[in-house]
Structures are given as structure tokens and as C-alpha cells.
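Overview (structure and organization)
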Amino acid sequence: MQDHKSAFEAIYGEVISQGLCVACGACVGYCPYLEYKDGKVVIIDSCKVGTGRCEAVCPQMDILRNGPGKAALEEGGGYFLSKALPKEFTKNAQYGGVVSAMVSYLLSTGRAEKAVLTDRGGKGSPKGVLVHSPLEVISLGGSRYTASASLSALNRLLKDGQPQRVVVVGLPCQMRAVSLMEKRSEIRSEQVFKIGLFCTWAMEYREMSKLLEKEGVLETPIRFDIPPPPKNIFLVEGQRGKWEIPLDRMRVAIQKGCALCPDMTGSYADISVGAAEGIEGHNTVCVRDTRGFELLEELTQKGILKVEALPEANLSHLKTAIKNKRERATTKLKERVSHGDI
Amino acid sequence: MEIYRRELDNSKVLLQGNEAIARGALEANVVFGAGYPGNPSSEIIETLAEAAKSLPIYVEWSTNEKVALEAATAASFSGLRSIVTMKQNGLNVASDFLTNLTLSGTKGGLVLVTCDDPSGISSTNEEDARWFSRLADVPLLEPSTPQEALHMVKDAFWLSEQIQNVVILRSISRLSHTRADVKLGTLPDFRVRPYFDPKVPFHTFPIVPKHQRRHEKLRKAKEWAEACPYNEYFGNTEKDFVIVSSGCAFLYAYEAVEDLGLWDQVGILKIGVSYPLPERLILDTLKSASKVLFLEDVDPFIEEGVMALLSAHANGVKPKEFFGRNSSHIPVAGETNPYLIRRFLSDYFGKDLAYGEFRNRIQKLLEGKVPPREFGFCPGCPHRGTYYAIKKALAWDHREGFVSGDIGCYTMGIWPTGFNMVKSVHAMGSGVGLSSGYGKLKELGFGQPVVTVCGDSTFFHAALPAIVNAKFNNSDMLLIVLDNSATAMTGFQPHPGTGKTAMGSITEPVSIEGICRSMGMEVEVIDPYEIEESAQLIYEFLQKSGPRLIVARRKCALVQGREGGFPFRMRVNEERCRGEECGCGRYCTRVFRCPGLVYENKKKKAMIDEVICVGCGICASICPMGAVERGER
Ligand SMILES: Cc1cc2nc3c(=O)[nH]c(=O)nc-3n(C[C@H](O)[C@H](O)[C@H](O)COP(=O)(O)OP(=O)(O)OC[C@H]3O[C@@H](n4cnc5c(N)ncnc54)[C@H](O)[C@@H]3O)c2cc1C
């Protein structure tokens, strides 16, 4: 009867079953059909609803159908070097603690009631959490290098239909997904503050766990890091030790879908934060709109953040990395089109 | 019906076929009964167990049919009369002992009742258990009516003692579950003196002479069969067209011949002793016939016996045309029902009208009265919760896992009511045996996880050896025992885990967890009503290796209903239920499918069917909007 695909058939057929899902969580936690479990977005049953939200908010579907979209560099904005000054923000932080500081500030000033963050996992994979106290924010500092479908936590808020001011911390795919939700008027732009994390790729939890087990990591690690090239290692820290694993041995765990993503710096975010190559304890911050600028300024004035110009060498490295990722993704996308995959 | 009351002696009462069999056994002075529940046989032991509360007899539900036959045989060896009952599949289980027992022979009358289920209406197979009589060289009696069943049972005990061997009495669903007037006889005093004579051992050696002896016993039975009234020709003179028939098919044939006015063209030979066949009667009756139609359930058992007999006497008999299962005039599978018989006869004798009328009459009777229904778990059934949890766990696990099923209500896991989770079902305990095999395939590159489900009664029946096998061979087997504390499918008979025997006495329950723990298996218990927690535990267990057990424990909803009911009064919050607007696609009624939930087409909302919803509360965790609410009773 139906001559075009249902939403579910589309997202299942074109994204999930193709192994292109990047577990952002935009489709999870809203309907009973899609759930996130330990690194995978899985299908509980097949849905027969004709048009659906899952398809409309899927960032991978957006790329497949509409191309790479917003390009970081052309959009302008500004790049800075920054770090959080109060120790509490840096003790658990990945680098400079800028993300934790910003989120804590938004919550404690009431500009956000809830923050969508990623927990540390434990029994299973890290996943999305709704947080409202700055203390919790601090406790969740640091990067888990696996995708966490943390937008499922945002969906919980949206589903309850309560007007919320919320800050979302997420990877570039997640920033794209939130902007798709804004486009659908599920949430107003003023309602949601988007903090992006730079990202080249994320790993799939189960694959990563298997590899780590093989490497002798038999606990839930506390900290991960990928030091800048040319080191080419994956650093894992746990209670019982530190492991330096050649990055190439970890690559099989990288999500296949990440290759389609053209966006390294979270172009759809208000502010994005990444590493500052060669400058320990600092972040590269990319500001994209007035809201972002205002926040950065305010935090500087309050003495919470130290903000400086990004060294020229860092900027040019970053620009190359951004360009490379976009080019690789565009090629990949073209390949798929020419193979008739989409 | 309290068939054990002496006041009923010599009176006429309305009895179910199975009750008539039980009463016949009592009138025959049976003091020992054993069986394993299985439709359509269960009421025989149930009736006897009820009788055992006021008569000096012993009745038990055994752990399986083989054990039932063995237990009953102990009584026979000690000179007592005993009856053992089962369904067709059960006879497969008992057959190993049966084929040996019939070599050693018996002492006190021992009658084995098999109730077959033509068309497999309540079975996993369609099987004609009559073949076992040929396999084991023992007599086979086939009653057509409850009255005949009562008489036949009594004669079966007499015959068993005459030939010192087992006699099989075969009923089918229609007879076991029909009700008819039955004239009763008298109950005996049940006085017995059990004694095992050490000078007379029972074993199968020397084998060949014992096998020979078994055939001699059979010959003796044949002499009896020739003269016994259960085989009878109906029709005034010799006819050219003879129907050879047994059991219920005989009644249908009789009725059809009557209705279609065929008595002047057709005769019917009713066979009550189907093995060994009454040869002289058959040869005499069929001498001058040129057409023979066989009507029986299910296989061409009598048909082939008669054909073989006729070819052995080919010289003296007229050449014949045969109609039956072998000739495809009757379909090779399925119950021999009145419809088939009428269709054949009316077509053959050019009586289309009568057949058409019959069909129209039936259709008119049914019109608009029988809504389409699918197999489904009852409202509140814990299996629905368990299967939903398994469904989630396997989806989370994402390795194309599946469920290996077994026999019980939960067999319905092959259908939407169990989310089509179950991918294989065969015999009692076989799902577990299969899984002990899947669990070894990993070494050969198999990557899919398998969940095995088995009921509490099935666990004791035949799953145990398979579980031990998994343990012995260190197989990666995840077993979920669906413990609803009853043999629910067949009517809540007790089993070793329930702490109660057939006769109602209290016994120490055998612990499923205890058994598995003692073997060193990892064991956890879940509550099927707590779907998320259950799914999480199953998921975690899926990641482990070696043989392991989860007990999903919740009383059968029907039992719970009788024993105090459920805590909630469910309601749908109409503001929260967004109906067609919701992206759920009617998840509660389309996917979860508890019959207590209905989709109200006018309101375009889900609703609780208060008449059948028991208030278990599971569905509250299914609705993505939380619109299904647990209210107070
Ligand atoms: C998968 C991944 C890949 C990354 N790749 C790069 C890269 O290639 N180049 C680069 O410069 N930077 C990368 N980053 C960003 C970097 O690791 C830091 O997150 C960032 O610099 C912020 O540092 P911080 O000290 O301010 O963070 P913190 O103050 O420590 O805060 C980190 C925040 O990140 C959130 N978080 C942790 N793990 C995840 C996750 N898996 N998904 C979503 N949110 C999460 C936490 O909730 C926490 O609030 C990556 C981050 C992740 C999670």
C-alpha cells in the first residue's frame, strides 16, 4: 500500500542496518522502538508509523540526504586558547576543564535547569544523563571515547513536554541532531545551549571493550586520551594501571559511520571545545555566535576562564584537520552515491 | 462428577469420555494409577486422584510417562491392577520401557491408555500412537463412545491378565472430551494383597524365546478379538460397498450413512480391537465387497492391516477397490471429521444436495458468532513478561540471538503473543537438548546467542538429562525456566516443584535452583512482571559462558486469580495517551498485545478491557508516554 518508505524503514534500512549509525541518541528514548544499549542503537520491534521523528532528527540521514552542510571555517567565529582557573573544574577534566566550567556556570546561574552530559559507565557503556548540580558536572569531567547516545537524555525532557532551559554537551553529530530538533520546533534555539566537543571519530563501546580486554584492561577505565600526533597511541588509565596502546590496534573499534561525518569541530554548536595541541591543560575553544561570545566573556570577567588568542601554529594545524575531515567525508559520501548505496 | 460414589452403582450418569475410562478402571478394581498430564488425557488421572481421596487406591502424577509406566508396572508385578495414562507424545517417551516390558510380560492387569490428538489441536504433533501396539506386540482397543470405553477398560484388564501383558486402550480428543449417558456397573471393594513373588522374575532374557512368547500372547488375544462384541458389522446383508471404521470415525460414518440414506448400498464394519485384527470377521464381511472405504484416526493403521490380510488371502476374495488415506480419498493428514466423510460419501453416491445442506446448516449456525481469534497468553500471564524481557535482551545483545522453545503454554512464543521469539519447538525437553548443542557450536564459529526456555514441569519431565549434558560437556547454555508453579497448559496439575501430589498431600518441593546450583551452574531468579530488570539480567547472562540458569518465577495468572488476585486496577490516562498522534504506532495493542488492552477506534485511544484485565500492572512499563497507569483496586 505504501509506495514510499516509512520513517522507520528509512532509518533502519539506510542508517542502522548499513552500520552507519553513530549512536548520537537523537532517536532514542522517545518511542518504544529504538533503544540504546552498550554502544548500539537497537531495534526493539518494527514500527509501522509512516512519518516519524527518528528519520527527521538523524544526523547521518541528514548528511546522506542533504550533504555535508555547515562548514566550520566559512561560518566564521573565533578560535581561542582557554582553560578553567578554579581547580575543581580541572581536577577531573580532560584538558582545561572549559566544558565543565561553562556547564557548571550555566546551571548555577539558572540559565540552564538541566545539562545533558555523558556518565562514566561502569556496568555497561557510558550513556546520557540529566544533571542539575555543578558538583555532578565536575564529577563527570573527562572524555569517554565511545559514542554514548547521550541525546536520549534530552529526549526524555522533550517527551515530558516541559519547557526547559537546557545545556547540551555533545559530539558534532549530536550538535547537528539538536539543530535538526530546533528546525522541527521541538525545542527553541533560545532554550538550548549547545556545547560541542571536537571529534574526529568515536569508538563503538563493545568493540572497544573487547580490544581493551585483550590488552589486559580488566576494569572500567577512569581516563582516556589520544595525545596529539605523531604519538599515535591510545592512553588508558584505571585504578590498577596505565596502558599505552598503539592507536592502530584500536582502529577497528571506530564507528564506521564517523567516516561520513564532515564536521570536526561541532559547527552547529554555540561553542565548541577541543584539545590544544602541545599546550597541556588547555583547550581550543571555537565560538560561533553571540551567545557563545557573551558566555566566554562573562566567564573571563568572573575569573572562571582564562582566554587567550590561539597560537598561529595551532590554528593552522586545526584548519588542516578540519579541512581533511570534511574532504574525506565528502569523498566517502560520493562513493556511496556512486555505489548506489543511497 | 464424583464417579467414585457407590450410590451411583448401576445408575445412568452423564460422563465425559475420560471419566468413563476412570470409572471403568475403578470398576475393574484398579488400585494404582499413574500418568503425566497431556491433553486430551489429563482428566483420567485427575478423576482417579479425586477418587483416591475416598477410596483405598493410589494415584500419582509422575515426572514423565516412562516413569509413570514404570511405577504402574511395579503394581502389576506385585499382582495389582494398574492403569497408566498419557497423550500420544507421552507414549513415545514411555516406549523404551514398553518395548522391553512387553517381553518380560506383566502379572496384575496393566492397561496403558493413550489419548491421541488428531490434527494436533493441543499438541506439537499429529501422531497415531496405535503403531506402538504393533511395535510392542500388544493388543489395542479402540472405543467409540464413553459407554464402550467403560466396558472396554474392564475387558482390557481381564485380557491383560489372560495374556500376562500390557493392553493399550486408545482414545482420541473427541471421545475423551465428549459427554454422554453412561450406564455404570458396580464398584469393587478394592481389597488386594500386593506380593512380588521372588520365584518369578520379570526380565527380557533370553530374548528370542521371550519375543516368541510375546507373539503367542498376541495370538491368544486374536482369538478373543474374533469373538468379542467390539467388532461388529452394521448392515442387513452383505454389501458391495463396505466402510471399515473405528473410534469416533465409526460414529461419523454411521451418522452419514443414515443421513444420506445409504443403508441399502453400504455396510459398516466397526473395528473395536484394532490389533490384532479379527481376521475371520474381516474376511467374511469383505468377501463379496468390491469397494472398501477406511475411516479411522489418523494413519491408515487398520487400512494397512486389512489390505495385508486381504492380500494374504487373495485367492479366496473378490478383487477390490480401496478408498482411504493410502488412496488419497481421505487426506493423509488431519482428523477424520464428519465433514470429510460426508463429502466423500455424498460425492461418491451422487448426493451433493445432502452434503451442501449439511454445510449450509453448519455455516448458518456459525455465522457472525465466531470472531477471528489468535493464540494468546492470558491477561497477566507471566510468560508475556518473560518473552518481552527476552525480546529486549536479545535486541540489546544484537547478535541475532533466538529462543529455543519447549512444550507448555510458552510454546505460544512462536506466535505474536510471545513476540515470535521462539524459533524451534519439538518434544518435551528437546529445546534444552538442542541448546546444549548450540552451546558447543561456538567452537565451530557460531556467533549467535541462544536462550532456552522450559517450563517448570517440563524441567522435571525431560529437560534434566539435557541440562546435565550441558554441564557435563561445558556447553554455553542459557536456560530460562519459566516457573509458573503449575502444569498450566493441561490444567494446573501439581509437579515435583509445587509441593503437592496428585492426591493433594503435601510433599517437599524439589528446587529447580537447588538442582542446578548443586551442579555448579550460575543461577539467578527474575520476576517476569519486572520487565526492565529481567531484561537486564538476561542480557548480562547472555554475555557469560558455560551452562547457566535463570528462573523466571511468577504464578500462572489463572492460579493467582483464584488465590487472591492482583494488586492493580489499570486505567489509561486519556490525556497522556496520544492515540494515533503518538509515534508509538499503538505499541500496547499492536506489539505488546495483552488482550486486556484494546484500541478504542472511536476515541482513537488505548483502553483497558476491564472485564478481562486482571490488574497485573506490566503494561504500565510498556507505554512510552506512561499513559497506562496502575490504580488502586
Ligand atoms: C569521542 C570524543 C572524541 C574526541 N575527539 C577529539 C579530537 O579529535 N580532537 C580534539 O581536539 N578533541 C577531541 N575531543 C574533545 C576532548 O576530548 C575534550 O572533550 C574537550 O577538549 C573538552 O575538554 P575539557 O577539559 O573542557 O572537558 P571536561 O571539562 O572534562 O568535560 C568533558 C565533558 O564531555 C562530556 N563527554 C565525555 N565523553 C563524552 C562522549 N563520549 N560523548 C559526549 N560527551 C562526552 C562529559 O559529559 C563532560 O561534561 C573528543 C571528545 C570525545 C568525547
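Computed from a predicted structure; not experimentally measured. (Residues numbered from 1 in each chain as written. Chains lettered and ligands numbered in written order. Predicted model: local features only at pLDDT ≥ 70, side-chain atom pairs only at ≥ 80, totals over all residues. Heavy atoms only, no water.)

Residues and elements named next belong to chain B. Spatially, seven strands are ordered 3-2-4-5-7-6-12 in an open sheet, and the strand pairing comes out mixed. The open sheet has two edge strands with one neighbour each: strand 3 (58-61) and strand 12 (273-275). Pairing of strand 2 (residues 32-35) with strand 3, which is carried by four bridges, proceeds in the parallel orientation. Bridge pairing links alanine 34 to glutamate 60 in strand 3. (Pairing = 2+ DSSP bridges. Helix = DSSP H or I, 4+ residues; strand = E, 2+ residues; numbered from the N terminus.)

On to the pattern of salt bridges, then. Using the criterion set out here, one finds 60 salt bridges over all chains in the structure. One salt bridge in this structure joins glutamate 204 of chain A and lysine 40 of chain A, with 3.3 Å as the shortest N-O distance. Placement of glutamate 204 of chain A in the loop between strand 7 (192-197) and helix 9 (205-214) and of lysine 40 of chain A in strand 2 (residues 40-43) is noted, with a sequence separation of 164 residues between them. Using a relative accessible area of 9% as the deciding quantity, one classes glutamate 204 of chain A as buried. Overall, lysine 40 of chain A belongs to the partly exposed group, its relative accessible area being 22%. Put simply, lysine 154 of chain B and glutamate 27 of chain B hold a salt bridge, and the shortest N to O gap is 2.5 Å. Here the residue lysine 154 of chain B occupies a position in helix 6 (residues 146-163), and glutamate 27 of chain B occupies one in helix 1 (residues 17-27), the gap between them amounting to 127 residues. (Salt bridge = Lys/Arg side-chain N within 4 Å of Asp/Glu carboxyl O. Buried < 20%, exposed > 50% of the residue type's maximum accessible area, 1.4 Å probe, protein only.)

This part is about the pairing of strand 7 of chain A. All names here are of chain A. The element strand 7 is extensively covered by neighbouring structure, given that five of its six residues are classed as buried. Where strand 6 (residues 166-170) and strand 7 come together, five bridges link them in parallel fashion. Looking across to strand 7, one finds that valine 166 is bridged to valine 192. When strand 7 meets strand 11 (residues 271-275), the two strands line up parallel, connected through three bridges. Within the sheet, the bridge partner assigned to glycine 196 lies in strand 11 and is serine 272.

All right, on to the interface of chain B and chain A then. With 18 residues of chain B at the contact, the number on the chain A side is 19 residues. Summing the contributions of chain B and of chain A, the shared interface buries around 1600 Å²; its carbon and sulfur component is 52%. At the surface where chain B touches chain A, the tally comes to three salt bridges. Between glutamate 35 of chain A and lysine 392 of chain B there is a salt bridge, with the nearest N and O atoms lying 2.7 Å from each other. Our count for the contact surface shared by chain B and chain A stands at 13 residue pairs in polar contact (both at pLDDT 80 or more). Elements that contribute at least two residues to the side of chain B that touches chain A include exactly helix 14 (382-397), helix 18 (531-542) and helix 20 (587-592) of chain B. For the side of chain B that touches chain A, the leading source of residues is helix 14 of chain B, giving six residues. Of the residues that constitute the side of chain B that touches chain A, the class distribution is nine nonpolar, four polar and five charged. (Contact = heavy atoms within 4.5 Å. Buried area = accessible area lost by both parts, 1.4 Å probe. Polar contact = N/O pair within 3.5 Å; in protein donor to acceptor, adjacent residues only side chain to side chain. Nonpolar A, V, L, I, M, F, W, Y, C, P; charged D, E, K, R; others polar.)

The subject of this paragraph is a nonpolar patch on the surface. Residue and element names in this part refer to chain B. A contiguous nonpolar surface patch, about 390 Å² in accessible area, is contributed by Ile362, Leu365, Leu366 and Val370. Along the chain, the position of valine 370 falls in the loop between helix 13 (352-366) and helix 14. Assessed through its relative accessible area of 57%, valine 370 is described here as exposed. (Patch = residues over 30% accessible without salt bridge, like charges linked within 9 Å, V, L, I, M, F, W, Y side chains within 5 Å. Areas by Shrake-Rupley, 256 points an atom, 1.4 Å probe, with all protein chains shown as cover.)

Residue and element names in this part refer to chain A. Near the ligand you find 31 residues, and of these Ser100, Gly142, Ser143, Arg144 and Thr200 are the closest. Glycine 97 places a main-chain nitrogen or oxygen 2.9 Å from an oxygen atom of the ligand. In the environment of the ligand, a nitrogen atom lies 2.8 Å from a nitrogen or oxygen atom belonging to the backbone of threonine 146. For the ligand, the accessible surface in isolation is 900 Å², of which the surrounding protein chains cover 95%. Put simply, the parts of the chain that give the shell around the ligand at least two residues each are helix 5 (98-108), strand 4 (114-118) and strand 11. Its residues assigned to classes, the shell around the ligand shows 16 nonpolar, 14 polar and one charged. (Near = heavy atom within 4 Å.)

Looking now at the domain arrangement of chain A. All names here are of chain A. Assigned domains within chain A: domain 1 (4-68), domain 2 (75-203 + 254-332) and domain 3 (205-252). Put simply, the middle of domain 2 and the middle of domain 3, counted by C-alpha atoms, are 23 Å apart. Counting residues at the interface gives 17 residues for domain 2 and 15 residues for domain 3. Interface of domain 2 and domain 3: buried area, both sides summed, is about 1300 Å²; carbon and sulfur atoms make up 59% of it. Considering only the side of domain 2, the residues that lose the most area to domain 3 are Tyr145, Met203 and Ile254, jointly responsible for 36% of the buried surface there. Put simply, domain 2 and domain 3 have zero salt bridges between them. For the pair domain 2 and domain 3, the interface holds nine residue pairs in polar contact (both at pLDDT 80 or more). Taken together, the residues of the side of domain 2 that touches domain 3 sort by class into seven nonpolar, seven polar and three charged. (Domains from an automatic or database assignment.)

Now for the sheet that holds strand 16 (residues 422-424) of chain B. Residue and element names in this part refer to chain B. An order of 16-15-17-18-20-19 is seen for the six strands of this open sheet, with the pairing classed as parallel. In this open sheet, the two strands that pair with only one neighbour each are strand 16 and strand 19 (522-526). Put simply, the sheet's adjacent strands are angled 30° from each other on average, direction ignored. Running over the sheet, helix 15 (residues 430-441) touches strand 15 (402-404), strand 16, strand 17 (450-455) and strand 18 (478-483) and is turned about 160° from strand 17. Contacts from helix 16 (residues 456-472) reach strand 17 and strand 18 within the one sheet, and its direction differs from that of strand 17 by about 130°. (Axes fitted to C-alpha atoms, helices over the stretch in contact; angles between N-to-C directions.)

Turning to the state of the cysteines, a few remarks are in order. Residues and elements named next belong to chain B. One pass over the full model with this rule turns up zero disulfides over all chains. The thiol of cysteine 556 is unpaired, and the distance to the nearest cysteine sulfur, on cysteine 378, comes to 6.5 Å. Looking at cysteine 619, it has no disulfide partner, and the nearest cysteine sulfur is the one in cysteine 616, 6.2 Å off. (Disulfide = S-S within 2.5 Å.)

Right, let's get into the domain arrangement of chain B. Frequently, the measure chosen for interface size is the accessible area removed from exposure when the parts meet. If you check the domain split of chain B, you get domain 1 (6-227), domain 2 (232-365), domain 3 (382-562) and domain 4 (568-632). The distance between the C-alpha centroids of domain 2 of chain B and domain 3 of chain B comes to 46 Å.

Now for the side chain of glutamate 182 of chain A. Its location among the elements puts glutamate 182 of chain A in helix 8 (residues 172-183). One polar contact links glutamate 182 of chain A to lysine 194 of chain A, side chain to side chain, over a distance of 2.7 Å.

With that out of the way, let us pick up helix 9 of chain A. Residues and elements named next belong to chain A. Within helix 9, burial applies to Tyr205, Arg206, Met208, Leu211 and Leu212. For helix 9, the capping residue at the N-terminal end is glutamate 204, with a side-chain oxygen 3.3 Å from the backbone nitrogen of arginine 206. Glycine 216 sits one or two positions beyond helix 9 and adopts a positive phi of about 95°.

As a further point, take the packing of aromatic side chains. Following the criterion strictly, the structure yields 35 aromatic pairs over all chains and no others. On the basis of an interplanar angle of 90° and a centroid distance of 6.3 Å, the ring pair of phenylalanine 80 of chain A and phenylalanine 293 of chain A is categorised as edge-to-face. Here the residue phenylalanine 80 of chain A occupies a position in strand 3 (residues 78-84), and phenylalanine 293 of chain A occupies one in helix 11 (residues 290-301), the gap between them amounting to 213 residues. With a relative accessible area of 34%, phenylalanine 293 of chain A lands in the partly exposed category. In this structure an aromatic cluster arises from ring pairing among Phe241, Phe323, Phe344, Tyr348 and Phe349 of chain B. Geometry around tryptophan 396 of chain B places lysine 37 of chain A over its ring, the cationic atom sitting 4.0 Å from the centre. A cation over a ring is seen here: lysine 270 of chain B above phenylalanine 250 of chain B, with NZ or CZ 5.8 Å from the ring centre. (Phe/Tyr/Trp six-rings, centres within 6.5 Å; stacked < 30°, edge-to-face > 60°. Lys NZ or Arg CZ within 6 Å of the ring centre and 35° of its normal.)

Here we come to the nonpolar core. Core analysis: the biggest nonpolar cluster contains 124 residues, and Leu154 and Phe234 of chain A together with Ile390, Ile538 and Phe592 of chain B have the highest contact counts within it. Among the elements that make up this core, the one with the highest residue count is helix 14 of chain B (eight residues). Excluding residues that lie within four positions of it along the chain, isoleucine 538 of chain B makes contacts with Ala389, Ile390, Ala393, Leu478, Ile480, Ile526 and Ile550 of chain B. Leu48, Leu112, Val167 and Ala225 of chain B belong to the second-largest nonpolar core, a separate cluster that totals 93 residues. (Core = buried A, V, L, I, M, F, W, Y, C linked by side-chain atoms within 4.5 Å.)

Residue and element names in this part refer to chain A. Structurally, alanine 112 is set in the loop between helix 5 and strand 4. When its relative accessible area of 4% is taken as the criterion, alanine 112 is described as buried. Counting along the chain gives 24 residues from alanine 112 to glutamate 88, while the straight-line C-alpha distance between them is 20 Å.

Residues and elements named next belong to chain B. At their nearest, the axes of helix 10 (residues 279-286) and helix 11 (residues 301-312) sit 11 Å apart, and the two run at 75° to each other. Classified by the angle between their axes, helix 10 and helix 11 sit roughly perpendicular to one another. Every residue of helix 11 that contacts helix 10 at Glu279, Ile282, Leu283 and Leu286 is listed here: Val306, Leu309 and Leu310. In terms of residue class, the contact of helix 10 with helix 11 is built from six nonpolar, no polar and one charged. (Parallel < 35°, antiparallel > 145°, perpendicular 65-115°, else oblique.)

We now examine unusual backbone geometry. All names here are of chain B. Here the bond from phenylalanine 205 into proline 206 is cis, since omega is -10°, no more than 30 degrees from zero. For proline 206, the location among the structural elements is in the loop between strand 8 (179-183) and helix 8 (207-227). Notably, glutamine 164 is not glycine yet its phi reads approximately 55°, a positive angle. Note that glutamine 164 resides in the loop between helix 6 and strand 7 (167-172). Overall, glutamine 164 belongs to the partly exposed group, its relative accessible area being 30%. At glutamate 400, a residue that is not glycine, the phi angle is positive and equals roughly 60°.

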